[in-house]
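Structural overview
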Amino acid sequence: MAQKRKLFIITGMSGAGKSQALKIFGDFGFYCVDNLPLALFKQFADYLKERPELENIALGMDVREGERLKQLPSMLKKITREDFRPKVIFLDASDECLIRRFSETKHKHPIHKKLAAAIAHEHDFLSPIKAAADKVIDTTDLKLGELKEKISALLEIKKEGEMQISVVSFGFKNGILKDTDLVMDVRFLPNPYYIADLKEKTGLDKAVQDYILSFKESQEFADKFADLIKYLIPKYIKEGKSYLTIAMGCTGGKHRSVFMAHQLAETLRKQGINASEFHRDIGL
C-alpha cells in the first residue's frame, strides 16, 4: 500500500504566527497555499490527485474563512480515507502578546471589532478547532528560530541528507556576500595570483589546485573545516534550519576561495549531504 501524503493545515489565532509557520513549511520543501477557500477544498484535493509528485502540502487557513471554517474537521475526515494523512497545527499566543503584536505592526484584526473584543471572539470561534488539533504551538515567547525548531521536530526532519547546503566563493575586494550563515576568510593560504602561469586560471583548474595543495596548511585547513561543517550540520538541523549557506572568500574570488569552496562541496556530497556550489566572482 502506498504511503499517504502529508497534508498540514496551519491555522490558529490571528497574530500568532501562521504566515511565518507557512513560510517555514515552504523552507522544508512543502507545497504551500495560504487562505484556500474551503469551498474549493474538494477541487484542490482532486487537483492534488493529479499531481502525485506533490508529496508534502501545507495549507494556511484562519478566521477570515468565516463560518465555513467549522466544516474543516468533517472535510479532513473525508480526505483521510483517500491518499492523504492530514494534521492540523494550531498556533496560539496569550492575549497580551497578540495585542502587543497588533499594536507594533499596526495591522488590523480580521474581525472588525475593538482589538480585545476581536481576540476574545476569535478564541471562542476557534476553540472547537483548537480542541481537535493534532498539535497546539504557543508562540507567546517563541523566537522565529525556536518556532522553526518545533516544526522541524514535528516533521521529524533530522537527516543530514535533507538539508540544503550552498557553498559560495567570493572576493573581498568585490564586497562581502550577504545572506550567508557562515563566512570563512581563506586569504591566509598561498595566493596563485602571484604565479605568472596561474594568474589567469581559476580555482577549478587543476594547476591552481595542485599549487594550493602543495602547501601543507591547505589540506590541513580543508580537512579541519570540513570536519567543523559536518559537526555543525546536525546542530543546525536541531535548531530547525533547512538551508545553510557557507561563504568562502579570498582577495579576488578566483583562486583560493573557488578551490576551497569546490573541495568542501565535493567532500560533503561524498558524505551523502546535499551540497551545491556557486562562484560569484570567478568571471570578473
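This text goes with the structure placed above it.
Because the structure is a prediction, the values reported are computed rather than measured.

**Focus: the packing of aromatic side chains**
All chains considered together, the criterion is met by nine aromatic pairs. Relative to Phe25, the ring of Phe8 has its centre 5.2 Å away and its plane inclined at 45 degrees; by these criteria the two rings are tilted. Of this pair, Phe8 sits in strand β1 (residues 5–12) while Phe25 sits in helix α1 (residues 18–27), and the two are 17 residues apart along the sequence. The burial state of Phe8 is the same as that of Phe25; both residues are buried. Ring centres 5.5 Å apart and planes at 15 degrees place the aromatic pair Phe221 and Phe225 in the stacked group. You can see Phe221 and its partner Phe225 sitting in helix α8 (residues 216–239), four residues apart, about one turn around the helix. For Phe225, a relative accessible area of 7% corresponds to the buried category. An aromatic cluster is present here, built from Phe8, Phe25 and Phe30 joined pairwise through their rings. Seen from the ring of Phe28, Lys148 lies directly overhead, with NZ or CZ sitting 5.9 Å from the centre.

**Some points on the pattern of salt bridges**
In this structure the tally under the stated criterion is 16 salt bridges. Between Arg64 and Asp62 there is a salt bridge, and its shortest N-O distance comes to 2.6 Å. Relative accessible area serves as the criterion here: at 54%, Arg64 is assigned to the exposed category. On the accessibility criterion, Asp62 (6% relative accessible area) is buried. One salt bridge in this structure joins Lys216 and Glu220, with 3.8 Å as the shortest N-O distance. Of this pair, Lys216 and Glu220 are both found in helix α8, four residues apart, which corresponds to roughly one turn of the helix. For Glu220, a relative accessible area of 37% translates into the label partly exposed. Bridged by salt links that share partners, the residues Lys18, Asp34, Asp62 and Arg64 form one connected network.

**Points about the sheet that holds strand β7 (residues 182–185)**
Read from one edge to the other, the open sheet built from four strands follows the order β7-β8-β6-β9, with strand pairing classed as parallel. If you trace the sheet from one side to the other, it starts and ends with β7 and β9 (275–279), each paired once. On average, each strand axis in the sheet is inclined to that of its neighbour by 20 degrees, with strand direction left out of account. Pairing of β7 with strand β8 (residues 243–250) involves four bridges; the strand directions are parallel. Bridging from a neighbouring strand, Leu182 pairs with Ile246 of β8.

**Quick look at the sheet that holds strand β5 (residues 135–138)**
Read from one edge to the other, the open sheet built from five strands follows the order β2-β3-β1-β4-β5, with strand pairing classed as parallel. Each having just a single partner strand, β2 (31–34) and β5 make up the two edges of the open sheet. Recorded for the sheet is a direction-independent mean angle of 20 degrees between the axes of neighbouring strands. Bridge count for β2 against strand β3 (residues 56–60) is four bridges, and the pairing is parallel. Bridge pairing links Asp34 to Gly60 in β3. Its contacts with the sheet put helix α5 (residues 115–132) on β1, β4 (84–92) and β5, and the angle it makes with β4 is roughly 145 degrees.

Conventions adopted
- Residues numbered from 1 in each chain as written.
- Predicted model: local features only at pLDDT ≥ 70, side-chain atom pairs only at ≥ 80, totals over all residues.
- Heavy atoms only, no water.
- Phe/Tyr/Trp six-rings, centres within 6.5 Å; stacked < 30°, edge-to-face > 60°.
- Helix = DSSP H or I, 4+ residues; strand = E, 2+ residues; numbered from the N terminus.
- Buried < 20%, exposed > 50% of the residue type's maximum accessible area, 1.4 Å probe, protein only.
- Lys NZ or Arg CZ within 6 Å of the ring centre and 35° of its normal.
- Salt bridge = Lys/Arg side-chain N within 4 Å of Asp/Glu carboxyl O.
- Pairing = 2+ DSSP bridges.
- Axes fitted to C-alpha atoms, helices over the stretch in contact; angles between N-to-C directions.
- Contact = heavy atoms within 4.5 Å.

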